[in-house]
Amino acid sequence: MISIIIASVNKDQLSDIKENIAATIGVDHEIISFDNADGKRGLCEIYNEGAKRAKYELLCYMHEDISIRTKDWGSIVAAIFNEDQKIGLIGIAGSSYKTQVPSGWFCSAGEKKINYINILQRYKFSEEKTQHISQNVKNEKYSSVVVVDGVWFCTKKEIVKVHKFDEETFKKFHCYDLDFSLQVQKTYRAVVTFQVLLEHFSEGNYGKTWVEETLKLHEKWAADLPIDVEGLSKKEIFFAEKHSLKFFLKQMKITGYKKIEIFKIFWRSKLKNNFSLFLMLNKEIWRS
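Below is a summary of the structure that appears in this document. (Residues numbered from 1 in each chain as written. Predicted model: local features only at pLDDT ≥ 70, side-chain atom pairs only at ≥ 80, totals over all residues. Heavy atoms only, no water.)

1. Considering the packing of helix α6 (residues 208-220) against helix α7 (residues 234-254)
Turning to step 1, where the next piece is worked out: Their axes nearest at 9 Å, the elements α6 and α7 cross at an angle of 130°. Our classification of the angle between α6 and α7 gives oblique. The two elements α6 and α7 cross, and the hand of that crossing is left-handed. Judged by residue contacts, Trp210, Val211, Thr214 and Leu215 of α6 engage Phe247, Phe248, Gln251 and Met252 from α7.
Turning to step 2, where the next piece is worked out: Grouping the constituent residues of the contact of α6 with α7 by class yields six nonpolar, two polar and no charged. (Axes fitted to C-alpha atoms, helices over the stretch in contact; angles between N-to-C directions. Helix = DSSP H or I, 4+ residues; strand = E, 2+ residues; numbered from the N terminus. Parallel < 35°, antiparallel > 145°, perpendicular 65-115°, else oblique. Left-handed = near helix turned anticlockwise from the far one by under 90°. Contact = heavy atoms within 4.5 Å. Nonpolar A, V, L, I, M, F, W, Y, C, P; charged D, E, K, R; others polar.)

Have a look at this one:
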């Protein structure tokens, strides 16, 4: 039995996902939805309230702009939690390495594949065609990760009681998933399952709010990062940090940050304590 928590901004999409859940979940469930069309409430606040209202032990947080393609996915989720009591978080996309430099959930370590994902991705902001993005290099039912993406993830009510979504720090719509993942993985195992497939109707949006919230996330977790459950080599770690740094600096510049402003932000951060990373950061900031 699963309690499903959704923050809604579109009544039609909410109606569609409710029908989709009823047709595919395969177990008793309830849907706890919140009308957030005005955007006045952050996802952390909504998700904490949803957990308090939930009558079932298993919780599933999801976006409304998806369609789940797997039949009896509720039974699959319950079976994973029952199979390994150390598992506290299940997603459909995540990474086994979380960088020290600011980044999203995704990461590249060169030839070493460290992102685990199974999703049908549509594109709202570009002309790209729908892709089935599947990366399961170990051919597992589920793989260990550090963080999961917030489009769809499942946990337990008892876990949210202890590891609440940080509504004091994250008052908007980004980083709630990464922060929650980082909390949970300290005590439990976080995994990405390849047994559940869903279609997502929109790709991510990396605007200025995302940049600001990601900086907050990395300030909060600076003492813990990086976190590696993959066992990367020093070369692979350096590649991952460099790749993520380039992407983040690019987004900072696109969203209006000046070079001197970027330098001051990172000078105030703990990143300057890592000489090699800060040297690389300097080169990337001032590169024309």
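2. Concerning the pairing of strand β8 (residues 115-121)
Turning to step 1, where the next piece is worked out: The buried fraction of β8 amounts to seven of the seven residues, a majority that puts the element mostly inside the structure.
Turning to step 2, where the next piece is worked out: Of the two faces of β8, both are covered, the one formed by Asn115, Ile117, Ile119 and Gln121 as well as the one formed by Tyr116, Asn118 and Leu120.
Turning to step 3, where the next piece is worked out: Pairing of β8 with strand β9 (residues 131-135), which is carried by five bridges, proceeds in the antiparallel orientation. For isoleucine 119, the partnering residue across the bridge sits in β9 and is isoleucine 133. (Buried < 20%, exposed > 50% of the residue type's maximum accessible area, 1.4 Å probe, protein only. Pairing = 2+ DSSP bridges.)

3. A look at α7
Turning to step 1, where the next piece is worked out: For α7, built from 21 residues, the straight-helix expectation of 30 Å at 1.5 Å per residue is met to within 8% by its first-to-last C-alpha distance of 30 Å.
Turning to step 2, where the next piece is worked out: Of all the positions in α7, only Ala240, Glu241, Ser244, Leu245, Phe248, Leu249, Gln251 and Met252 are classed as buried. The buried residues of α7 occupy an angular sector of 155° when projected down its axis, which confines them to one face. Facing away from the buried surface of α7 by more than 90 degrees, the exposed residues are Lys235, Lys250 and Ile254. (Expected span 1.5 Å × (residues − 1). Arc of directions from axis to C-beta.)

4. Things to note about the side chain of serine 143
Turning to step 1, where the next piece is worked out: Mapped onto the elements, serine 143 comes out in strand β10 (residues 142-145).
Turning to step 2, where the next piece is worked out: The class for serine 143 is buried, based on a relative accessible area of 0%.
Turning to step 3, where the next piece is worked out: Here glutamate 140 takes part through its side chain, which lies 2.5 Å from a polar atom of the side chain of serine 143.
Turning to step 4, where the next piece is worked out: Those residues in contact with serine 143, other than ones at most four positions away along the chain, are Tyr116, Asn136, Ala190, Val191, Val192 and Phe194. (Polar contact = N/O pair within 3.5 Å; in protein donor to acceptor, adjacent residues only side chain to side chain.)

5. A look at the pattern of salt bridges
Turning to step 1, where the next piece is worked out: Evaluation of the coordinates by the stated rule reveals 12 salt bridges.
Turning to step 2, where the next piece is worked out: Between glutamate 83 and lysine 141 there is a salt bridge, with the nearest N and O atoms lying 3.1 Å from each other. Here glutamate 83, found in helix α3 (residues 73-83), pairs with lysine 141, found in the loop between β9 and β10; they are 58 residues apart in sequence, far enough to count as distant.
Turning to step 3, where the next piece is worked out: Given the relative accessible area of 42%, lysine 141 is considered partly exposed.
Turning to step 4, where the next piece is worked out: Among the salt bridges present, the one from arginine 189 reaches aspartate 84, with a minimum N-O distance of 2.9 Å. One end of the pair, arginine 189, is in strand β13 (residues 189-193); the other, aspartate 84, is in the loop between α3 and β5 (87-91), and 105 residues separate them in sequence.
Turning to step 5, where the next piece is worked out: What makes arginine 189 partly exposed here is its relative accessible area of 27%.
Turning to step 6, where the next piece is worked out: Among the charged side chains, a network of salt bridges with common partners joins Arg41, Glu45, Glu49 and Arg53. (Salt bridge = Lys/Arg side-chain N within 4 Å of Asp/Glu carboxyl O.)

6. Considerations on unusual backbone geometry
Turning to step 1, where the next piece is worked out: Note the cis peptide between leucine 225 and proline 226, where omega equals 5°.
Turning to step 2, where the next piece is worked out: Its place among the elements puts proline 226 in the loop between α6 and β15 (227-228).
Turning to step 3, where the next piece is worked out: Positioned with a positive phi, aspartate 72 is a non-glycine residue whose angle comes to about 60°.
Turning to step 4, where the next piece is worked out: As for its position among the elements, aspartate 72 is in the loop between β4 (66-68) and α3.
Turning to step 5, where the next piece is worked out: For aspartate 72, a relative accessible area of 42% translates into the label partly exposed.
Turning to step 6, where the next piece is worked out: Of note, the phi angle at cysteine 175 is positive, near 70°, even though the residue is not glycine.
Turning to step 7, where the next piece is worked out: In this structure, cysteine 175 sits in the loop between α4 (157-162) and α5 (176-184).
Turning to step 8, where the next piece is worked out: A relative accessible area of 5% means that cysteine 175 is categorised as buried.

7. Some details on the side chain of serine 95
Turning to step 1, where the next piece is worked out: Within the secondary structure, serine 95 sits in strand β6 (residues 93-95).
Turning to step 2, where the next piece is worked out: A distance of 3.5 Å separates a polar atom in the side chain of serine 95 from a polar atom in the side chain of asparagine 115.

8. Let's talk about the packing of aromatic side chains
Turning to step 1, where the next piece is worked out: This structure, assessed with the given rule, holds 22 aromatic pairs.
Turning to step 2, where the next piece is worked out: Look at tyrosine 61 and phenylalanine 165: their rings are 5.1 Å apart centre to centre, the planes differ by 70°, and that puts the pair in the edge-to-face class. With tyrosine 61 in strand β3 (residues 58-62) and phenylalanine 165 in the loop between α4 and α5, the pair connects residues that are 104 residues apart, well separated along the chain.
Turning to step 3, where the next piece is worked out: Classification of tyrosine 61 by relative accessible area gives buried; the value is 0%.
Turning to step 4, where the next piece is worked out: Among the aromatic residues, ring-to-ring pairing joins Tyr47, Tyr61, Phe153, Phe165, Tyr176 and Phe180 into one connected group.
Turning to step 5, where the next piece is worked out: One residue, lysine 208, lies across the ring of tyrosine 257, its end atom 5.0 Å from the ring centre. (Phe/Tyr/Trp six-rings, centres within 6.5 Å; stacked < 30°, edge-to-face > 60°. Lys NZ or Arg CZ within 6 Å of the ring centre and 35° of its normal.)

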